[in-house]
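What follows is each chain in one-letter form.
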Amino acid sequence: MKIRPLEKLRSSTTLKRFTLLLFVSFIGASCNSQLQSSKVEEADEATTSTKKDRPNIVVILADDLGYSDLGCYGGEINTPNLDKLAANGMRFTQFYNTSRCCPTRASLLTGLYSHQAGIGRMTMDTGKPGYRGFLKVNTVTVAEVLKQAGYNTGMVGKWHVSETPSLEHDKQLKWLAHQENYGPFSDTASYPTARGFDKYYGNIWGVVDYFDPFSLVNGKEQVMEVPEDYYHTDAISDSAVAYVDQFAKQDEPFFLYVAHCAPHWPLQARPEDIAKYKDKYKDGWQALRKARYKRQLELGLFDEEHAELPEWMFKDKNWETDPDQEWDANAMAVHAAMVDRMDQGIGKLIAKLEESGEMDNTLILFMSDNGASYERSSQYGPGFDRAGSTRDGKEVYFPVKKKHLSGPQTVNSAIGPQWAHSVNVPFRYWKSKVFEGGICTPMIAYWPDVIKDKNSINKEVGHVVDIMATCVDLAETQYPTTYKGKEITPEQGHSLVPIFKTGERPDPEFVFWEHFGSKAIRQGDWKLVQLDDNSPWQLYNLAEDRTELHNLADQHPDRVKAMEATWKEKADDYDVYPRP
């Protein structure tokens, strides 16, 4: 079915029709979004208290955010709303993700390590147990568990845990550009509303054009058109606000998962937001990195003795001799603008929670799915999830030679490795690697009724695998052993609630990582890490060396051997092998 160009559809009638479509779930009209339907699914030993004595839970996930991007983590980007949550809540310095978008989402949603959930790499089915590219049938999502415990459940934004189909190249490009429609974006039985969410508005795939997103759905229905002034970050934020407005009127508590795409490439932002940062990054990569590190020390996030600033990783790259300073400074300005706009939307959500009287009894968790991205999307070119043209036929540029500035819809670009290294300060590496720069996320916890140590900095170790256990704890329910007739893989995480209440909890026995051959295991303060399959294991004492500069593998061969054996045991248990 051919889709008409957007410019031919932008009548007031069309915009009204879109508004109705976008907010149909907000008024409870969608058959997939009935809040009055049964809250009890088939599960073992479920509890179903419906009184609002249990907290609401809001999980906000950023995408490719640098560790130091937020003001409260040392950054210069204007993030007053997240900074406010941090000032009245708790900041974690040792909270982890899986190092890439879809595996982190799989782990967060299921309480399993990503291979166990079926997404050890990306959302393509390789036929291997750990690499199916979608959530396996022996998983249960946090929404499914909380729904059967009496919670209302909603999600907005990036799903990215359904299998991603690929068509013949020319058809794929027309599909991505909204010029042809080839049906559902994935199996609708894998969509959020089929996995426990009462309500969903967002993108099923991972990469989006922020001004005209592909794979956009409301419930399970495709959103075919968007208004002329559409910007996806705003739509995600506004939908989250609308969901809270409806949930707050119910007797039951609610769980809301806000999965932002920002600031993942392509670098696209509203001009007024970019203008705020026009001259902010003209001093370049190294200057930004040093300035942020200095602020991190002043904030008490780290101390120089135990978290030394690593040397600049790019010996052949120096800002003073960079021939593309204007392009690179602008790219970082757009990245900042995208973070800024996300924070503005979070401010709207906070205001709605306050207005509705829900704020004090709401736990808000904010984190990122991985460190900043080293990728240069321009080198990929159009294809798979990257359109080569807009809906009305304008060419999308992939500026390998940096001739087109980032920001508008017609440019697909990314910040690249130098900025990624800078904004992940104080750590080394970036997205996809399991050194700290790839896996350590800023994490803010805000819960006025419980977190009494305001503006605290917490050094306890946590991982996105703990989100499920935390939600189960707060919902006063149990993680099921079976669900809809399927045996469920036991959860792997541990509740964070003791940390919120007392500031501490026993360390997990271990934390585990593997992604495209980058491997690690952490036990206590010790971390064993391998850059890739062809590199030796490295050993670090993170209590003494938070930025992984002093490899102690030669000094402690027995520890290396023992930790490697544990890693291999867990890799077998978690379906890391056989790898594709």
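Just so you know, these numbers come straight off a predicted model, no measurement behind them.

The rules behind the values
- Residues numbered from 1 in each chain as written.
- Predicted model: local features only at pLDDT ≥ 70, side-chain atom pairs only at ≥ 80, totals over all residues.
- Heavy atoms only, no water.
- Disulfide = S-S within 2.5 Å.
- Buried < 20%, exposed > 50% of the residue type's maximum accessible area, 1.4 Å probe, protein only.
- Core = buried A, V, L, I, M, F, W, Y, C linked by side-chain atoms within 4.5 Å.
- Helix = DSSP H or I, 4+ residues; strand = E, 2+ residues; numbered from the N terminus.
- Contact = heavy atoms within 4.5 Å.
- Pairing = 2+ DSSP bridges.
- Axes fitted to C-alpha atoms, helices over the stretch in contact; angles between N-to-C directions.
- Parallel < 35°, antiparallel > 145°, perpendicular 65-115°, else oblique.
- Nonpolar A, V, L, I, M, F, W, Y, C, P; charged D, E, K, R; others polar.
- pLDDT = per-residue confidence, 0-100.
- Expected span 1.5 Å × (residues − 1).
- Arc of directions from axis to C-beta.
- Salt bridge = Lys/Arg side-chain N within 4 Å of Asp/Glu carboxyl O.
- Polar contact = N/O pair within 3.5 Å; in protein donor to acceptor, adjacent residues only side chain to side chain.

Draft legend 1. Quick look at the state of the cysteines. This structure, assessed with the given rule, holds 0 disulfides. Note on cysteine 72: no disulfide assigned, nearest cysteine sulfur contributed by cysteine 440 at a separation of 14 Å. Relative accessible area serves as the criterion here: at 6%, cysteine 72 is assigned to the buried category.

Draft legend 2. Here's a closer look at the nonpolar core. By size, the foremost hydrophobic cluster in this structure holds 105 residues, and its most contacted members are Leu70, Leu256, Val258, Tyr281, Leu349, Phe366 and Ile444. Of all the elements, helix H10 (residues 325-355) adds the most residues to this core, at 15 residues. Beyond its immediate chain neighbours, meaning those up to four positions away, leucine 70 contacts Leu65, Gly75, Thr79, Leu82, Asp83, Val339, Phe366 and Ile444. In this structure, Leu135, Ala143, Tyr191 and Phe197 belong to the second largest nonpolar core, which totals 61 residues.

Draft legend 3. Highlighting the pairing of strand S8 (residues 362-368). Within S8, 7 of the 7 residues are buried, which leaves the element mostly enclosed by the surrounding structure. The alternating pattern of S8 places Thr362, Ile364, Phe366 and Ser368 on one face and Leu363, Leu365 and Met367 on the opposite face, and all of these are buried. In this structure, strand S1 (residues 56-62) lies alongside S8, joined through 7 bridges in parallel fashion. In the sheet register, isoleucine 57 faces S8, and the bridge partner there is leucine 363. By the bridge criterion, 3 bridges tie S8 to strand S9 (residues 440-446) in an arrangement that is antiparallel. By the bridge assignment for S9, leucine 365 is matched with alanine 445.

Draft legend 4. A look at the packing of helix H7 (residues 232-247) against H10. The geometry of H7 relative to H10 is characterised by a closest axis approach of 9 Å and an angle of 10° between their N-to-C directions. Classified by the interaxial angle, the pair formed by H7 and H10 is roughly parallel. Contacts between H7 and H10 pair Thr233, Asp234, Ser237, Asp238, Ala240, Val241, Val244 and Asp245 from the former with Arg341, Met342, Gly345, Ile346, Lys348, Leu349, Lys352 and Leu353 from the latter. Its residues placed into classes, the contact of H7 with H10 shows 7 nonpolar, 3 polar and 6 charged.

Draft legend 5. Expanded view of the sheet that holds strand S4 (residues 199-203). Spatial strand order, S6-S5-S4-S3-S7-S1-S8-S9-S2-S10: 10 strands in an open sheet with mixed pairing. Taken across any chain shown, the strands that pair with only one partner, and hence form the sheet edges, are strand S6 (221-222) and strand S10 (456-463). Bridge count between strand S3 (residues 152-158) and strand S7 (residues 254-259): 6 bridges; the pairing is parallel. Residue pairing in the sheet places valine 156 in a bridge with valine 258 of S7.

Draft legend 6. Representation of the environment of threonine 193. Summarising the element assignment, threonine 193 is placed in the loop between helix H6 (169-176) and S4. Along the sequence, threonine 193 and lysine 220 sit 27 residues apart, while their C-alpha atoms lie 7.1 Å from each other.

Draft legend 7. Local environment of the confidence of the model for the chain. Averaged over all residues, the pLDDT of the chain equals 92, while 91% of them reach at least 70. Confidence over residues 1-51 falls short of pLDDT 50; this stretch has 115 contacts with residues more than four positions distant or in other chains.

Draft legend 8. Highlighting the sheet that holds strand S16 (residues 538-541). Strand order in the open sheet made by the 4 strands is S13-S14-S15-S16, with antiparallel pairing throughout. Each edge of the sheet is formed by a strand with only one pairing partner; in this case those strands are strand S13 (511-515) and S16. Between one strand and the next, the sheet's axes are offset by a mean angle of 10°, whatever the strand orientation. The pairing of strand S14 (residues 518-523) with strand S15 (residues 526-530) spans 5 bridges and is antiparallel. Within S15, the position partnered with glutamine 523 by the bridge is tryptophan 526. Its contacts with the sheet place helix H15 (residues 557-573) against S13, S14, S15 and S16, and it is angled at close to 110° to S14.

Draft legend 9. Representation of H15 within the structure. For H15, built from 17 residues, the straight-helix expectation of 24 Å at 1.5 Å per residue is met to within 8% by its first-to-last C-alpha distance of 24 Å. Buried residues of H15: Val560, Met563, Thr566, Trp567, Lys570 and Ala571, and no others. Summarising the axial view, the buried residues of H15 lie within an arc of 140°, below the 170-degree limit, and thus occupy one face. Structural note: H15 exposes Asp558, Lys561 and Asp572 on the side pointing more than 90 degrees away from its buried face. Of the surrounding secondary structure, the elements contacted by the buried residues of H15 are S13, S14, S15 and S16.

Draft legend 10. Just the pattern of salt bridges, in detail. All chains considered together, the criterion is met by 40 salt bridges. A salt bridge links lysine 158 to aspartate 63; the shortest N-O distance between them is 2.5 Å. You can see lysine 158 sitting in strand S3 and its partner aspartate 63 sitting in the loop between S1 and helix H2 (80-87), a full 95 residues away along the chain. Per residue, the accessibility class of lysine 158 equals that of aspartate 63, and both read buried. Note that arginine 295 and glutamate 76 form a salt bridge whose closest N and O atoms lie 3.4 Å from each other. In this pair, arginine 295 sits in helix H9 (residues 285-299) while glutamate 76 sits in the loop between S1 and H2, placing the two residues 219 residues apart along the sequence. Within the structure, one salt-bridge network assembled from shared partners comprises Asp234, Arg270, Glu272, Asp273, Lys276, Asp340 and Arg341.

Draft legend 11. Structural view of the side chain of serine 389. Tracing the backbone shows serine 389 in the loop between S8 and helix H11 (416-423). Of note is the side chain of serine 389, whose polar atom sits 3.3 Å from the side chain of glutamine 179. Once you skip the residues sitting within four places of it in the chain, serine 389 turns out to touch Ala177, Gln179, Lys394, Glu395 and Val396.

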